[in-house]
Amino acid sequence: MSVEYGEIKIPIDLIKKIEERVKETEFESVDEYATFVLEEVVKDDDEEIEEVFSEEDEDKVKERLRALGYLD
Amino acid sequence: MIVVLAIDALEHTLVEGFNCKNLMQEFHGKTDISEFSEPRTMVLWSSFMTGKNMEEEVMALGDEGMWHTKFDIKNTFFDQFKDPKIIDLPGFNYIREQHDKERILLKQFFDAQSEDEKKSIRTEYNNHAFEHHRKIKQEFIDALNEDYDFLLGYFSIADVIGHLNFGNRAMMKMIYKDMDEIAETIKNNYIVLSDHGMDKIGMFGDHSNYGFWSSSVKDFGNPKITDFAEIIKENQQVK
Amino acid sequence: MEKEKLKFVIVGHIDHGKSTLIGRLLFDTNSIPEGKIEEIKHLCESLGKDIEFGYIMDHLEEERDQGITIDTAQTFFNTKKRDYVIIDAPGHVEFLKNMISGASQAEAAVLIVDAEEGVKEQTKRHAYILGMLGLAQVIVVINKMDLVDHSQERFETVKKELIQFLSEINIKPSYIIPISAKQGDFIANKSLKMDWYNGLTVLEALGTFRIKENANDKPLRFVIQDIYNFDKRIIAGRVESGTIREGDEIKVLPSGENTRVKSVEEFLKEVTEAEAGKSTGITTEDKLFIDRGDVIVHDSDQPVVTDLIKANLFWMDKIPYKNGTSVWFRCATQEVPCDIEKINRVINSSTLELIAEDALEIRNREVAEVMIRTNKPVVVENFNKIEELGRFVLGKDDTIAGGIITELE
């Protein structure tokens, strides 16, 4: 699969600010800059959510299954 | 022939969400199981077939013992029929080796330490459940062509798979659609009934505190699971 | 270089095989992530059946749900020639709203019909939407040919019924193709099972469709935002389409006066032209009276200046429109009072049922075909020619409806 693109809406003021900032960086465009920032944010989130939550879920469901008589 | 499609853990919101027309039929709704302390599979089906709240009796057998509950046909409404066929129903003729193994694998899954180990146990657990499902499906479809006056097919797949995979909506959809196709093959009037539904806990599933019913004949409102013995008996007299 | 991209939508009765067709298109173009197909195949086999392509989308959505979703409800696949985007239409409401407001612009459509069941009410309603949106590139696929023994006779019967209906609503499909999405006949590959059909496959047919013209290649539409008087008089605006260059002969609408571009002005930059999408300023040879909302064009291809507009509206305000009420008409930077002179027909955007003809009001989430009368002439276009000036909103304080212009005097 090739890389896919979609559109998102962000306030014009923010775009203008990014435009200013992009000039001082090696990013080619606002799109590229925004993609990079979002990737960074999402990357961290994914790592955290996956680990913490699934263990919590597992404990919770274990307890429930025990109450329902499945695990003894 | 009166047909009951008994589906463990069939969740009301998913039946609607996946637009399973044959499971929904003309009338459908939730059952009221609030009289029970927990939505336990064995307790609920036992109460269904006897028409009485069997919580105390079943629970007295202990967490392990309750899975081997076996009511005599004389104590159930099946006794009203001349030639009933019941497939794999908990508390009646639940296939012990099959379901014992499900619980053993479930326990192993939660005891396992590594992700890899868990993954491989889950695969074994799922495959074990699917293999059983295919057998039950065939037995049920064959029985539809026989001359029984009552047929009850119990399907555990949504519950068993749901416990370890309910967070995987695509997988659950395939199972619900398969159950919907099974319902489609029934040419007689039938009732769909579940003991309880299912709630999502991350990737897992927990029993929800209401069941599901549907009928092509009548709106039952918000019935109790113990009402169905009477409902089905009446249905038989109408015929 | 980026490959060109065609956006299309698949519509039709819910049970006629839309998701199977999407799954098949993705599968036949190798657009499914590795391992996914095996997983689906395994699950189907576990349930005792052959692989069902209809589940592919569910599994891909599952993947999407697990990541953070910037939900665009779009599915992608590609061929050697170009990229394709299937715009998902989960409900008619969202689809109509997105199409009319411009959030998603389908350039083509595939209308799917079940060979066994034939044309259903829902098929007709969906076809009607295509007509209403002015989608001209339409493929009809007659699906599930495997269930009717690949019968040419059955195909011709359904085809005839459909063509008759479509001609009533002025849709002329470019292709009518017998397919089996389940078995993959005439999606990406031809099939010997229907040797009586020697037309194109679905992919080949899509390949012949035009991509929406690049806004740069369209006629010039420079809409005026403001006039600044510094040491020179700068006319600021946005190039909605085409390119404006130093020295161009230009016409200002609606007044119709001519002049010439003296310079194109950009802050701290020396430029001589500005292309579509750019906000820029110009100075002119002659000092004309120009105001916000005016549109500058080339003489060679001019928009329509009118006060009577036929349009399709999507109403998105809780308060219904009552016949005779005055509201704002906003198109590009133009803003004038208007009223809806006639409500030809009103449709429920969820069920697509016709609510009324010659109606007196339009309620929330209804789609209406209307005649709008503006208080003074506006500069507009048919939506299918230059969408930037063919799309408008109606408003009071806030936006209350989105619309596209379908016919101009």
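Every value quoted in this text rests on a predicted model; they were computed, and no experiment measured them.

**Focus on the sheet that holds strand β8 (residues 210–215) of chain B**
Residue and element names in this part refer to chain B.
Link 1 in the chain: Read across the sheet, six strands follow the order β2-β8-β5-β1-β4-β3 without closing on themselves; strand pairing throughout is mixed. Among the strands making up the open sheet, the edge pair consists of β2 (27–32) and β3 (84–87). Shown here is a sheet whose adjacent strand axes are inclined to one another by a mean of 15 degrees, direction ignored.
Link 2 in the chain: Judged from the three bridges that link them, strand β5 (residues 190–193) and β8 form a sheet pairing that is antiparallel. Each residue of the ladder has a partner; that of Ile-191, found in β8, is Ser-215.
Link 3 in the chain: Across the face of the sheet, helix α3 (residues 41–50) comes into contact with β1 (2–7), β4 (150–155) and β5 while running at roughly 170 degrees to β4.

**Details of the sheet that holds strand β6 (residues 175–178) of chain C**
Residues and elements named next belong to chain C.
Link 1 in the chain: Here we have six strands laid out as an open sheet, ordered β2-β3-β1-β4-β5-β6, and mixed in their pairing. Lying at the two open borders of the sheet, with one neighbouring strand each, are β2 (74–78) and β6. The average angle at which neighbouring strand axes cross in this sheet is 25 degrees, direction not considered.
Link 2 in the chain: In the sheet, strand β1 (residues 5–12) pairs with strand β4 (residues 108–114) via five bridges, with the strands oriented parallel. Bridge pairing in β4 places Val-11 opposite Leu-111.
Link 3 in the chain: Each of β1, β4 and β5 (138–143) touches helix α5 (residues 121–132); the most contacted strand, β4, lies at about 170 degrees to it.

**A look at the domain arrangement of chain C**
Link 1 in the chain: Domains assigned within chain C are domain 1 (5–207), domain 2 (227–297) and domain 3 (304–408).
Link 2 in the chain: Computed from C-alpha coordinates alone, the two centres of domain 1 of chain C and domain 2 of chain C are separated by 45 Å.

**Here's the deal with the nonpolar core**
Link 1 in the chain: Grouped together as the largest cluster of nonpolar side chains are 166 residues, with contacts concentrated most on Leu-5 and Phe-48 of chain B together with Leu-206 of chain C.
Link 2 in the chain: Both domains that furnish three or more residues to this core are identified here as domain 1 (5–207) and domain 3 (304–408) of chain C.
Link 3 in the chain: Non-local contacts of Leu-206 of chain C, meaning those with residues more than four positions away in its chain, are made with Leu-6, Phe-8, Phe-77, Arg-82, Tyr-84, Val-110 and Ile-139 of chain C.
Link 4 in the chain: Grouped together as the second largest cluster of nonpolar side chains are 31 residues, Ile-340, Ile-343, Val-378 and Val-380 of chain C included.

Rules behind the numbers
Residues numbered from 1 in each chain as written. Chains lettered and ligands numbered in written order. Predicted model: local features only at pLDDT ≥ 70, side-chain atom pairs only at ≥ 80, totals over all residues. Heavy atoms only, no water. Pairing = 2+ DSSP bridges. Helix = DSSP H or I, 4+ residues; strand = E, 2+ residues; numbered from the N terminus. Axes fitted to C-alpha atoms, helices over the stretch in contact; angles between N-to-C directions. Contact = heavy atoms within 4.5 Å. Domains from an automatic or database assignment. Core = buried A, V, L, I, M, F, W, Y, C linked by side-chain atoms within 4.5 Å. Buried < 20%, exposed > 50% of the residue type's maximum accessible area, 1.4 Å probe, protein only.

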